[in-house]
Amino acid sequence: MIGILNVTVPFFALVGCGWLAARLALLPGQAVPALNAFVLWFALPAMLLRFAAQTPFSTLADPAVFGAYALSGLFVLVLTLAGLRWAAGEGWRDAALGALSASWSNWGYMGFALIPALLGPQALAALIAAGVADLLVVVSAALAVASREGRAPEPWWHAISGAMAGVGRNPLVWAIAAGALLSAVTGIRGDAALPPLLGGLVGLGDRLLALLGTAAGPVALFAMGAALHRPAAGNRMSSAAPTSAATPLALLTIVGTKLLVHPLATWTIARHVFGLPHDAAAVLTLMAALPAAGTAFLFAERHGADAGRAATAILVSTVAAFLTFPGFAALLAQPAA
């Protein structure tokens, strides 16, 4: 357990440093959007493209990993949706986007930095496949359900096509696709013979991607902490106020489901339904054990749902994950017999 804390505490401390910098007004008003832009458009895409290009395509496109994480995300989405819709009496929009907070992990900022540090760089392949499953399946399903709100609900296929269009504009998806294409077509191994000039250019490009990718984890975690403070000048979450009459109970349901039910369901489905090996199932389980994704707030705000609750769920789940995430990491440290 001490070894796990030695890895996880510095990562959560980076989040705390970002929060403290924002709390003490050490960052300019537009620093958080600028840091986010750097991570989203440069650092993370560079890391993902470089890794994907150097990984066998069959490993990146593992259908069992994709299916296991998609099914577990859908299970948690439907379970939370049912509770919010029928037990708490919420509308389709609030229930669906609240359920999205419980089923969508912050793998973009926290997962790519934290999980490979615990399980090794080979964990990135499963992270990529599972992340694509999240974007293509879980987010699309949540938006399709949310579209049922109102007198003239949007057809399911319109909601899904809109979600897919958003996925297509995501720079992380483009980086993964470009790297996977390089891996599939050229079979890059790192020792392929190239003409000297072309080899030199490839080497320069690889070093540039490595430098940018190295910055992805620390900057992402610091920016996430600054965003959690939600200063009025730098983050739209500051203006979001809870609107649900059942917010306390619903918030507890969302956070508890995110940090406990989601990883437990993921382990069960990965190991006992899809028969994944311990190492792959551990990657998916730790991915599910991460706090709620910050983008869930943006979807809630954009679609007129309870954005205040989404913002609070992100904050509370991130703080609580400081305890729950190392616990799951310790449980998964010993392979099953």
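Relevant structure appears above.
Keep in mind that this is a model prediction, so the values were computed, not measured. (Residues numbered from 1 in each chain as written. Predicted model: local features only at pLDDT ≥ 70, side-chain atom pairs only at ≥ 80, totals over all residues. Heavy atoms only, no water.)

Structural notes on the overall build of the chain
Each helix and strand in the chain was counted, giving 14 helices and zero strands. Seen in sequence order, the chain has helices and strands lined up from the N terminus as α-α-α-α-α-α-α-α-α-α-α-α-α-α. Scored against the burial criterion, the 337 residues of the chain give a buried share of 47%. When the accessible surface of the chain is totalled, it reaches about 15,300 Å², and 70% of it is carbon and sulfur. (Helix = DSSP H or I, 4+ residues; strand = E, 2+ residues; numbered from the N terminus. Buried < 20%, exposed > 50% of the residue type's maximum accessible area, 1.4 Å probe, protein only. Areas by Shrake-Rupley, 256 points an atom, 1.4 Å probe, with all protein chains shown as cover.)

What about the environment of Arg207?
Residue placement: Arg207 occurs in helix α10 (residues 196–229). You can call Arg207 exposed: its relative accessible area is 51%. In the structure, Arg207 is positioned 157 residues away from Arg50 in sequence and 9.7 Å away in space, judged by C-alpha atoms.

Here we look at unusual backbone geometry
The phi dihedral of Ala25 falls on the positive side, at around 60°, and the residue is not glycine. Judged by its relative accessible area of 61%, Ala25 falls in the exposed class.

Details of the packing of helix α1 (residues 2–23) against helix α14 (residues 307–332)
Interaxial distance between α1 and α14 falls to 10 Å at its minimum, and their mutual angle equals 160°. By the angle class used here, α1 and α14 are roughly antiparallel. Considering how the two elements wind past one another, α1 and α14 form a crossing that is right-handed. When α1 is examined against α14, the residues Ile4, Leu5, Thr8, Val9, Phe12 and Val15 are found in contact with a partner set consisting of Thr318, Ala321, Phe322, Phe325, Pro326, Ala329 and Ala330. Of the residues contributing to the contact of α1 with α14, the split by class is 11 nonpolar, two polar and no charged. (Axes fitted to C-alpha atoms, helices over the stretch in contact; angles between N-to-C directions. Parallel < 35°, antiparallel > 145°, perpendicular 65-115°, else oblique. Left-handed = near helix turned anticlockwise from the far one by under 90°. Contact = heavy atoms within 4.5 Å. Nonpolar A, V, L, I, M, F, W, Y, C, P; charged D, E, K, R; others polar.)

Regarding the pattern of salt bridges
A full pass over the atoms with the stated rule returns two salt bridges. One salt bridge connects Asp206 with Arg50, and the closest N-O pair in it is separated by 2.8 Å. Of this pair, Asp206 sits in helix α10 while Arg50 sits in helix α2 (residues 31–53), and the two are 156 residues apart along the sequence. (Salt bridge = Lys/Arg side-chain N within 4 Å of Asp/Glu carboxyl O.)

Comments concerning the side chain of Glu90
Its location among the elements puts Glu90 in the loop between α4 (63–87) and α5 (92–103). Take Glu90: its relative accessible area is 6%, and that puts it in the buried class. In terms of polar contacts, Glu90 uses its side chain to reach the side chain of Arg309, at 2.5 Å. (Polar contact = N/O pair within 3.5 Å; in protein donor to acceptor, adjacent residues only side chain to side chain.)

Brief notes about a nonpolar patch on the surface
Judged by side-chain polarity, Trp19, Leu20, Leu24 and Leu26 come together as a nonpolar surface patch covering roughly 420 Å² of accessible area. Here Leu26 shows up in the loop between α1 and α2. (Patch = residues over 30% accessible without salt bridge, like charges linked within 9 Å, V, L, I, M, F, W, Y side chains within 5 Å.)

So, the packing of aromatic side chains
For the coordinates displayed, the defined rule picks out four aromatic pairs. Judged by centre distance (5.8 Å) and plane angle (90°), the rings of Trp86 and Trp92 are edge-to-face. The exposure class assigned to Trp86 is exposed, which follows from its relative accessible area of 59%. Taking relative accessible area as the criterion, Trp92 reaches 15% and is therefore assigned buried. Between Trp107 and Phe112, the aromatic rings sit 5.8 Å apart at their centres with planes inclined by 90°, giving edge-to-face as the arrangement. Taking the relative accessible area as the measure of exposure, Phe112 reaches 6% and is therefore buried. Positioned over the ring face of Trp92 is Arg85, at 4.5 Å from the centre of the ring. (Phe/Tyr/Trp six-rings, centres within 6.5 Å; stacked < 30°, edge-to-face > 60°. Lys NZ or Arg CZ within 6 Å of the ring centre and 35° of its normal.)

Let's talk about the side chain of Thr257
Its place among the elements puts Thr257 in helix α11 (residues 247–273). Classification of Thr257 by relative accessible area gives buried; the value is 9%. Not counting residues up to four positions away in its chain, the partners in contact with Thr257 are Val76, Thr80, Ala102 and His262.

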